Each structure stands twice: as C-alpha cells, then as structure tokens.
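Given next are the chains, with one letter for each unit.
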Number of protein chains: 2
Amino acid sequence: MRNFKMTISYDGSRYKGWQKQKETDLTIQGKLEAVLSKMTGEEILVVGCGRTDSGVHAENYIANFHTKSTWKNEAILYYLYEFLPEDIVVKSIELVDERFHARYNVKSKTYVYKINTNRFRNVFERKYSYHIPEPLDLIEMRKAAQVLVGTHDFQSFNMKPGKKSTVRTIHSINIAENGDHLEIEVNGDGLLWNMVRIIVGSLIEAGRGKLNPSEIEKVLQEKKRWEAGPIAQAKGLFLREVQY
Amino acid sequence: MRNFKMTISYDGSRYKGWQKQKETDLTIQGKLEAVLSKMTGEEILVVGCGRTDSGVHAENYIANFHTKSTWKNEAILYYLYEFLPEDIVVKSIELVDERFHARYNVKSKTYVYKINTNRFRNVFERKYSYHIPEPLDLIEMRKAAQVLVGTHDFQSFNMKPGKKSTVRTIHSINIAENGDHLEIEVNGDGLLWNMVRIIVGSLIEAGRGKLNPSEIEKVLQEKKRWEAGPIAQAKGLFLREVQY
C-alpha cells in the first residue's frame, strides 16, 4: 500500500469541523474521502492530524491516506483540485513511509488566532477574525501568555472532563499587532480540545483588564474549567502548521 | 433639509451591484435606502458616487442623502451598524453642505484590482481576488500601463457604445507585487462603465506576453471595444477611494 501525506488549506466557515459524521456530509474529512474514493475506486480512509471544530480554518492541515492505486502525485493533486469544493484545497501531496500516521506522529502544532479591534467589523474579514471593538492591552496579554507557556496541567482549559491526563506543554505564545489586527500564535504539543480557544479567551480577558497574571496562575492551579476565560469564537482560529 | 455624507465598505459578493433595481432587493443602494427610510420615517433617496457592478467590492464608497429628521450622526451610525446586513458597513457619517452631491462632485476615483498568481486558489481570498495561476510579467504590465496613463479617447475600453464622449483621464496606474499577490491601483476621472476591468484585462494580457505596448497604443487609436483585452472578473475589483 502506498501512503500519501497531504497539506490542505480550508475555509471552515460552512463545515461541521474536520471529522466525518453520520449526520452531515459537511465535514472536511468526509469531502476528501468522497473524492479520493471516487478517484481510486477504493474505500479511502483519510487520517487527519487532529480534529478541528465547526467553523475553524486551516492554512496547512496535514492528513494521510493509504491506497493500492498507482495514481501519480501530480495527477492526484489535479484531480483533487478539480473535484473538491472551492473552499478546500490540497496544496501538496507526497509519498511517505507506510508507517507515517498524521495524528500519532504529530510533535507539535501551531495555531493562529486573528482578532480585529476596529470599532466596525471588517466586511472582508468577517468570517476570518473575531471582532472585538475595544482596545486590548497587549502588555497585559503578553504577561498572561507567559504564565501559560511551559508544562502545566491544563484541566481548567479543557472542555471534556475525564480521567485522562491534561498535562500539556505550550512552547510559545506570540502576539503580533498590525494596526487594528492582532494575531496570537500558539505552539504546543497534544493540545486539548478547544484549549487554544480557551487560552485566547483568557488572554482577551487579560487584555480587557479582567484577568491578571496571578489570577491566570490561580486558574491553572484550581483546575476547574469555569475558572478560565470564555471560549473565543471558532471563526478566528486557523491551524497554521503541524510539526512532525 | 440636512445632507449627510457617508463612507461605506461592502463585500459585493452576493449583490447585484450598487444601483437599486425593481427586480431584486439585493443591491447596496436598496439596502441602505430601506434602513434609512425605516429609521427616519421618510422616503430616503441615497445618491451614490457611481455604479459598481454585480460582485464588485468597496473599501470606501461615498454616498449622500437628505433628511428632515434630527437624528445625530452617532445615532445614525449605530442604527445603520445594527440594521444593515453584515456585509455592508457605514464607517463614518458627516453633515455636509446641502449642495454636496456624491456623484456630480466627484473629481476622481481610485480603484484597486487584486490578483493571486499562486498555482492554487487561496480559499480565504477566493471571493476577493482574481486567481490567475501563471506568472505575469510585471515589466510588460507596467509598460502597457504607461501607454494608458494620460488623457485619451477610451472608446475601445467602453462597454456601452453611444454618442457621448469617451475621452477620459487616467492619472496613475500603480502595480504592486507582494509574493504571489498583485495589486493594480488605477486612479482616474469619469471612468467609463467597466473601464477599469477592461484596463486590467488588457494589462493581464500584456503580462502574459499577448499584448505589447505598441499594440495597446493601436487599440486606443482604433476605438473598437473588441480590440482591448477581455474584461477581468468583478470579484477582484474594489473601489478604494473617491476624491472630491
């Protein structure tokens, strides 16, 4: 069996997230599997690097699939470009070791979260950024971010309580400002479900002066979900890169 | 009567252009008049700085309207922000001289046309740029642009043949490159219907090596529409600024 690794960008606006579901065909995985299965005549299973929620976007999502077919890389790329919906694009494809697994082999992931602080919504970016029409204090946001960087038990930033360990490592959080546009880039490993959006929600609260670094510290220690900030909107979040 | 001047941005994707039509309520003018009429209880007529076609966008469109009502600027701004669709935003409003006319008083207009030359469409910009997946020769495009700058009879760049003069002035055409993104900024006065899109279509042909400067010169002189380049897609065009 040949194993192909794909780099995919998608506009998640109209999808119910990455993962295939019985109730809807509006998932990225579902669309990819349908086109690849038609192309190869096999029942293709696409393995993604992780779930993305409904409305979340991806600049460079990584997935892999196995096939017996002998299609060449370029031919697969053309076929996908032609038959996928206009909001999903496979940008590259390469033959990889048969054991490569897009999810198990992930070392870390980089997400970016986009915020627009202009008084008015930007009509061209309204589906691709979170509109917060008030000034945010970047210094406070960066201080709060530094509390979260490192290895911690992120129980308070987890949406699915359970018995599994919630100890994770955030390698970096960078906040860049360009006029009224903010970009928060988070790199970490094994990020929990919705963790980035809860981190961003907490940083926004810090930027509003409603959470200070010692309170964030306390939130981490108390390990209760309801202590962290509210979850930031899905539409501002992009999976930027996956490191293997 | 008080006369208000508005600066408006809109995503033209789902509209049939600026101008109100009997057949559809999907026009920018129609949406604005409906909300302003409801607000004031009067039948408000909104005068725009010119027509934009179906699918064309605006960063800073200018329009004015007269009203007897005593609403304050900020209150009007809030009302419009609340009740206009999410793809139309009035960004500022000011009281102006009663004789100000958004169309008659225009001195010149600046349009920008966005092109993406990447091999693949950009899923996030697919409604806001023209995707031309091939390299374009900027030097040739700039040479061709220089032929068009100045006062000429733009009959060959006119979509509506008629008896009216088609002599117009293009003040400048600037082409900026940023990776695989091209922006063509055109400033001119009294631009004819679709003239910018035909100019861009011709510059693209120049960039492909299919029209050289002397051929563009000849197109101008021959004054036949079918000699110029094909019309570039509406979705790449933005009205950037209006000068009064």
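Predicted model only: the values in this text are computed from it and were never measured.

Caption draft 1: Structural context of the overall build of chain A. Helix and strand counts for chain A come out as five helices and ten strands. By the compact-globule yardstick of 18 Å for 244 residues, chain A fits well, its C-alpha radius of gyration being 19 Å. Expressed as lengths along the three principal axes of its C-alpha atoms, the size of chain A is roughly 60 × 45 × 30 Å. A total of 244 residues make up chain A; the buried ones form 53% of that total. In chain A, 72% of the contacts between residues at least 6 apart in sequence involve partners at least 24 apart. Of the accessible surface of chain A, which amounts to about 11,600 Å², a share of 49% is contributed by carbon and sulfur atoms. Each charge class in chain A can be summarised by its mean position, and for the 36 positive and 31 negative side chains these summaries are 4 Å apart.

Caption draft 2: Layout of the relation of the copies chain A and chain B. Rotating chain A by 180° and translating it 0.0 Å along the rotation axis places it on chain B, where the RMSD comes to 0.0 Å. Such a combination of rotation and displacement between the chain copies is what one expects of a two-fold axis. Counting the interface residues of chain A, we find that 100% of their copies in chain B are interface residues as well, pointing to one common contact surface.

Caption draft 3: Highlighting the UniProt feature "domain: Pseudouridine synthase I TruA alpha/beta" (unreviewed entry) in chain A. Those residues carrying the UniProt feature "domain: Pseudouridine synthase I TruA alpha/beta" (unreviewed entry) are residues 8-105 and 144-244 of chain A in this numbering. Between the end C-alpha atoms of residues 8-105 of chain A there is a gap of 17 Å, over a span that is 24% helix and 27% strand.

Caption draft 4: Quick peek at helix 3 (residues 138-148) of chain A. All names here are of chain A. Taken residue by residue, helix 3 has Leu138, Met141, Ala144, Ala145, Val147 and Leu148 as its buried positions. Those residues of helix 3 that are buried lie in contact with strand 7 (150-153), strand 8 (167-178), strand 9 (181-189), helix 4 (195-207) and helix 5 (213-222). In the segment just after helix 3, glycine 150 is the residue with positive phi, at about 115°.

Caption draft 5: View of the pairing of strand 8 of chain A. Residue and element names in this part refer to chain A. One ladder, built from four bridges, connects strand 7 with strand 8; its direction is antiparallel. Within strand 8, the position partnered with aspartate 153 by the bridge is valine 167. Turn length for the strand 8-strand 9 hairpin, with the two strands adjacent in sequence and antiparallel, is two residues, and the turn residue glycine 179 shows positive phi of about 65°.

Caption draft 6: Up close: the domain arrangement of chain A. Residue and element names in this part refer to chain A. Taken as a whole, chain A is organised into domain 1 (2-96) and domain 2 (108-243). Measuring from the centre of the C-alpha atoms in domain 1 to the corresponding centre in domain 2 gives 28 Å. Between domain 1 and domain 2, the contact holds 15 residues from the first and 17 residues from the second. Summed over both partners, the interface of domain 1 with domain 2 comes to about 1,300 Å²; 49% of that surface belongs to carbon and sulfur atoms. Of all residues in domain 1, Asp53, His57 and Glu59 bury the most surface against domain 2, accounting for 43% of the area lost on that side.

Caption draft 7: Looking closely at the packing of helix 3 (residues 138-148) of chain B against helix 5 (residues 213-222) of chain B. Residues and elements named next belong to chain B. At a minimum axis separation of 9 Å, helix 3 and helix 5 run at an interaxial angle of 30°. The orientation of helix 3 with respect to helix 5, classified from their angle, is roughly parallel. The handedness of the crossing between helix 3 and helix 5 comes out as right-handed. Every residue of helix 5 that contacts helix 3 at Glu140, Lys143, Ala144, Val147 and Leu148 is listed here: Pro213, Ile216, Glu217 and Leu220. Partitioned by chemical class, the residues of the contact of helix 3 with helix 5 number six nonpolar, no polar and three charged.

Caption draft 8: Region of interest: the pattern of salt bridges. Residues and elements named next belong to chain A. As enumerated under the stated definition, the model contains 34 salt bridges over all chains in all. With its nearest N and O atoms 3.9 Å apart, the salt bridge here joins glutamate 94 to lysine 5. Of this pair, glutamate 94 sits in strand 4 (residues 88-96) while lysine 5 sits in strand 1 (residues 2-10); the two residues are 89 residues apart in sequence, bridging distant segments of the chain. Judged by its relative accessible area of 40%, glutamate 94 is partly exposed. Taking the shortest distance from any N to any O, the salt bridge between arginine 99 and aspartate 97 comes out at 3.0 Å. Classification of aspartate 97 as partly exposed rests on a relative accessible area of 41%.

Caption draft 9: Inspection of the UniProt feature "binding site: substrate" (unreviewed entry) in chain A at higher detail. All names here are of chain A. Residues annotated by UniProt as "binding site: substrate" (unreviewed entry) correspond here to Tyr111. Here tyrosine 111 lies in strand 5 (residues 108-116). Once you skip the residues sitting within four places of it in the chain, tyrosine 111 turns out to touch Ile184, Glu185, Val186, Leu191, Val196, Leu237, Phe238, Leu239 and Arg240.

Caption draft 10: Seen up close, helix 2 (residues 73-83) of chain A. Residues and elements named next belong to chain A. Taken together, the buried positions of helix 2 are Ile76, Leu77, Tyr79 and Leu80. On an axial view of helix 2, the arc spanned by its buried residues comes to 165°, and they lie on one face. In helix 2, the exposed residues that point more than 90 degrees away from the buried face are Tyr78 and Glu82.

Rules used in this analysis
Residues numbered from 1 in each chain as written. Chains lettered and ligands numbered in written order. Predicted model: local features only at pLDDT ≥ 70, side-chain atom pairs only at ≥ 80, totals over all residues. Heavy atoms only, no water. Helix = DSSP H or I, 4+ residues; strand = E, 2+ residues; numbered from the N terminus. Rg over C-alpha atoms; globule rule 2.2 N^0.38 Å. Buried < 20%, exposed > 50% of the residue type's maximum accessible area, 1.4 Å probe, protein only. Contact = heavy atoms within 4.5 Å. Areas by Shrake-Rupley, 256 points an atom, 1.4 Å probe, with all protein chains shown as cover. Lys, Arg positive; Asp, Glu negative; His and termini not counted. Charge placed at Lys NZ, Arg CZ, Asp CG, Glu CD. Least-squares fit on C-alpha atoms with pLDDT ≥ 70 in both. UniProt positions renumbered as here; feature names shortened; annotations may be inferred. Pairing = 2+ DSSP bridges. Domains from an automatic or database assignment. Buried area = accessible area lost by both parts, 1.4 Å probe. Axes fitted to C-alpha atoms, helices over the stretch in contact; angles between N-to-C directions. Parallel < 35°, antiparallel > 145°, perpendicular 65-115°, else oblique. Left-handed = near helix turned anticlockwise from the far one by under 90°. Nonpolar A, V, L, I, M, F, W, Y, C, P; charged D, E, K, R; others polar. Salt bridge = Lys/Arg side-chain N within 4 Å of Asp/Glu carboxyl O. Arc of directions from axis to C-beta.

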